[in-house]
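Commentary on secondary and tertiary structure
Chain by chain, the residues:
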Amino acid sequence: MEIYLYNTLTHEKEKFKPINPNEVKMYSCGPTVYSYAHIGNMRAYIFADTLKRMLEYNGLKVNHVMNITDVGHLTSDADTGEDKMEKAARSEGRDPYEIAAYYTKYFMDDIKSLNIEMPTTITKATDNITQMEEMVKEIVDNGYGYETSKGIYFDITKLEKYPVLSNNKLSGQEAGARIEVDPEKRNPADFALWIKAPKEHLMKWESPWGLSYPGWHIECSAMSKRFLGENFDIHTGGVDHIPVHHTNEIAQSESLTGKQFSQIWLHNNHIKVDGRKMSKSLGNIITLEDIISRGFSPMAFKLAILSKHYQTEGNFTWEILEAAQARLNHWRDYAVLRHQTHDTLEDDDDKDEQDDSVSLLAGRQALVEKLNDDLDTPGALALIDEVFSKLDHTPLDKIHRQSLVQFIDEIDEILGLDLAESTPDITDDLKRLIIQRRQARAEKNWEESDRIRDELLQAGVAVRDTPSGSIWTWK
């Protein structure tokens, strides 16, 4: 099936065709590990993971690289201010490497909780200092970089077009607008490739320019080049990276190689909280731990994220999360039906001949088609609702079990919602209790029926009586 993706570079939805038909090379901007990741950060990784899963479901092998920024990310896009790692280290009274290790582990725990598959390669900036230094040397040698007393800068006037990605006019980046002017810069919008470290700076390395450290933008260019080559298929990240970080990645990489850096750029939008931007000053930063502590499943949060298209600005409220949890629970109730209907291929074959039997096979292809259309996750979730609804009021002996199992497996494979894992079969002892309760009801022994129902509830199993028999769900 054909895949279409919206390319920020061309502002068009394009048919995706990998450079190498045997492998998709994909780079994702990872976290700067100076603090806890919040739910807005996590949207980027849910998006990238869903993209990767979709590509793999279409039979493509994905070489996915994600960086961990543990040095060089300054507090201002204008290459001014403090390194975020050093600022956090001083604030917490710890070594910056300790800070990085602590928050990296926290981040890894979060993506594990969200069932996000590990990228092929996760690489730290501090493990790639040599590659960054060599890249800066080449850029300078090629005439695109120059040295000042503060560092090495990229001369944007050497390019035919800058900025390449955002299509913003440089007037928006003129002195006095958003960039603090360094009088030694040739142009106000020139950006730092390498930064000379003040004496008190903790993270610094010997280089041709003295004790210094890399600029944030050069890190992604060097790491993607090391692990994916000079050009690759897809680069993902948040929309906030478009005007500066990703634009500068393109400039420095293409000035060096003369090749198109990434063929397709995909950007996810922000999440607000109660309609307002998340910020420490407003006190509305929410983490995945906050969500779990309130009794919600991480999969409910993931479902809430997927209910909006990745390009659409999202909004988080606890009411929205409650609705997502209810939807997830409803889907889990459908998923447990696979344990309660007949499970032989011969039986399913017989059902294929019955007009009143229900098969979900058609839903599988429709689901993939939705996701192949620029990751239309809202459409995919609505389709899942529609397909599952076919099972409403359907007797268990009329459900095509094989198609139900395959549909659940497909949802888990592409969306990573763990429907199967979260809905295991009940024990044989609990099944015997359900049979005993059914017998008690047949004998109109309501007291015994109620006693068994309560015993099942204590074991976490709820029973619902229908015209076709008793159906159990995990409560």
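The present account deals with the structure reproduced in this document. Just so you know, these numbers come straight off a predicted model, no measurement behind them.

Definitions and limits used
Positions within a chain are numbered from 1, following the residues in the order the chain's sequence is written. Two thresholds apply to this predicted model, a pLDDT of at least 70 for residue-level local features and 80 or more for giving and counting side-chain atom pairs, whereas whole-chain, interface and lining totals are computed over all residues. As a rule here, side-chain values cover all heavy atoms of the structure and leave hydrogens and water aside. We call a set of buried Ala, Val, Leu, Ile, Met, Phe, Trp, Tyr and Cys residues a nonpolar core when their side-chain atoms join them within 4.5 Å. Relative accessibility thresholds used throughout: buried, under 20% of the residue-type maximum; exposed, over 50%; partly exposed, between the two (1.4 Å probe, protein chains only). Counting from the N terminus, the helices are DSSP H or I runs at least four residues long and the strands are E runs at least two residues long. Should any heavy atoms of two residues lie within 4.5 Å, those residues are counted as being in contact. In this analysis, axes come from line fits to C-alpha atoms, helices being fitted only over the stretch in contact, and the angle between any two N-to-C directions falls in the range 0 to 180 degrees. When describing relative orientation, an angle under 35 degrees is termed roughly parallel and one over 145 degrees roughly antiparallel, while 65 to 115 degrees is termed roughly perpendicular and anything else oblique. It is the rotation of the near helix from the far one that decides the hand of a crossing: anticlockwise by less than a right angle makes it left-handed, clockwise makes it right-handed. Only when DSSP finds a minimum of two bridges between them are two strands counted as paired. Salt bridges are defined by distance alone: a side-chain nitrogen of Lys or Arg within 4 Å of a carboxyl oxygen of Asp or Glu.

Thoughts on the nonpolar core
- By size, the foremost hydrophobic cluster in this structure holds 123 residues, and its most contacted members are Leu55, Ile234, Phe301 and Phe388.
- Broken down by element, the residue count for this core peaks at nine residues, all from helix α1 (residues 39-57).
- Other than its neighbours up to four places away in sequence, isoleucine 234 contacts Leu5, Phe16, Val24, Lys25, Met26, Tyr27, Leu51, Leu55, Ser262, Ile264 and Leu266.
- Among the nonpolar cores identified, the runner-up in size contains 10 residues, and Val336, Leu430, Ile434 and Val463 belong to it.

A short note on the packing of helix α4 (residues 129-141) against helix α6 (residues 242-257)
- It is at 10 Å that the axes of α4 and α6 come closest, and there the two elements cross at 70°. It follows from the interaxial angle that α4 and α6 lie roughly perpendicular. Helix-helix and strand crossings are classified by hand; for α4 and α6 the assignment is left-handed. Side by side, α4 and α6 meet where Met135, Glu138 and Ile139 of the first sit next to Gln252, Ser253, Ser255 and Leu256 of the second.

Here's the deal with the sheet that holds strand β12 (residues 271-273)
- The sheet built from three strands is open, its strands ordered β13-β12-β14 with mixed pairing. Each edge of the open sheet carries a strand with a single partner, namely β13 (276-277) and β14 (314-316).
- Direction of pairing for β12 relative to β14: parallel, over a ladder of three bridges. The residue of β14 that forms the bridge with lysine 272 is asparagine 315.

Some thoughts on helix α8 (residues 298-306)
- Counting buried positions over the nine residues of α8 gives nine, a clear majority of the element.
- Restricting attention to buried positions, one finds in α8 the residues Pro298, Met299, Ala300, Phe301, Lys302, Leu303, Ala304, Ile305 and Leu306.

Structural notes on the sheet that holds strand β10 (residues 232-238)
- Here we have five strands laid out as an open sheet, ordered β5-β4-β3-β10-β11, and parallel in their pairing. Only two strands of the sheet have a single partner each, and these edge strands are β5 (121-124) and β11 (262-268). When the angles between neighbouring strand axes are averaged without regard to direction, this sheet yields 20°.
- Two strands pair when backbone bridges link them, and strand β3 (residues 24-28) and strand β4 (residues 62-68) are joined in this way by five bridges, in the parallel orientation.

What to know about the pairing of strand β16 (residues 469-474)
- In the sheet, strand β15 (residues 461-466) pairs with β16 via six bridges, with the strands oriented antiparallel. Along β16, the bridge assignment pairs threonine 466 with glycine 469.
- Here β15 folds back onto β16, and the loop between the two strands holds two residues.

Some remarks on the pattern of salt bridges
- Summed over all chains, the structure comprises 23 salt bridges.
- Between lysine 105 and aspartate 109 there is a salt bridge, and its shortest N-O distance comes to 3.0 Å. Highlighted residues: lysine 105 and aspartate 109, both in helix α3 (residues 96-113), separated by four residues, approximately one helical turn.
- A relative accessible area of 53% means that lysine 105 is categorised as exposed.

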